[in-house]
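If you want the building blocks of each chain, they are given just below.
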Amino acid sequence: LQQVLVHHGLFPTAPSQPRMAVSVDLLSFYRALFERSCDAINALASALKNHYSRRGYQMTDAQVT
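Residues numbered from 1 in each chain as written. Predicted model: local features only at pLDDT ≥ 70, side-chain atom pairs only at ≥ 80, totals over all residues. Heavy atoms only, no water.

Q: Is there a simple way to explain the overall build of the protein in this structure?
A: When you go through the protein residue by residue, the secondary structure sums to three helices and two strands. Listing the helices and strands of the protein from first to last along the sequence gives α-β-β-α-α. Burial status across the protein gives 14% buried among its 65 residues. Carbon and sulfur atoms make up 59% of the accessible area of the protein, which totals about 5500 Å². (Helix = DSSP H or I, 4+ residues; strand = E, 2+ residues; numbered from the N terminus. Buried < 20%, exposed > 50% of the residue type's maximum accessible area, 1.4 Å probe, protein only. Areas by Shrake-Rupley, 256 points an atom, 1.4 Å probe, with all protein chains shown as cover.)

In structure tokens, the structure reads:
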């Protein structure tokens, strides 16, 4: 069961007979947020940028040329 969950992007919450699982993407987002946890607003903005950049999205700002 654990291999099936991981294959589908979910991390089991118990080593045997898990009743719940957490999205691997959510864990990755949490890690990105934790890496930037100095200031709540800036941490969230920076974490979102990292999260989407790691997935291949290109971030732009208000001064796009």
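There's plenty left to go through after this.
Q: Hey, could you run me through the environment of Pro 12 in this one?
A: Along the chain, Pro 12 falls in strand E1 (residues 10-12). Given a relative accessible area of 11%, Pro 12 falls into the buried group. Contacts of Pro 12, omitting those with residues within four sequence positions, involve Gln 2, Leu 5, Val 6, Pro 18, Met 20 and Ala 21. (Contact = heavy atoms within 4.5 Å.)

Q: Can you walk me through the packing of aromatic side chains in this structure?
A: Here the distance between the centres and the angle between the planes together describe a pair of aromatic rings. All told, the structure shown has one aromatic pair when counted by the stated rule. Seen in terms of ring centroids, Tyr 52 and Tyr 57 are 5.5 Å apart; in terms of plane orientation they differ by 85°. Their pairing is edge-to-face. Classification of Tyr 52 by relative accessible area gives partly exposed; the value is 36%. (Phe/Tyr/Trp six-rings, centres within 6.5 Å; stacked < 30°, edge-to-face > 60°.)

Q: How should I be thinking about the side chain of His 51 in this particular structure?
A: When you line up the elements, His 51 lands in helix H3 (residues 40-53). Overall, the relative accessible area of 10% leaves His 51 in the buried class.

Q: What is the right way to read helix H2 (residues 24-35) from this model?
A: Since one α-helical turn is 3.6 residues long, residues separated by three or four positions face the same way. A rise of 1.5 Å per residue sets the reference length of H2, with its 12 residues, at 16 Å; its end C-alpha atoms lie 17 Å apart and thus fit the reference within 8%. Measuring from the side-chain oxygen of the N-cap residue of H2 to the backbone nitrogen of Asp 25 gives 3.2 Å; that N-cap residue is Ser 23. (Expected span 1.5 Å × (residues − 1). Polar contact = N/O pair within 3.5 Å; in protein donor to acceptor, adjacent residues only side chain to side chain.)

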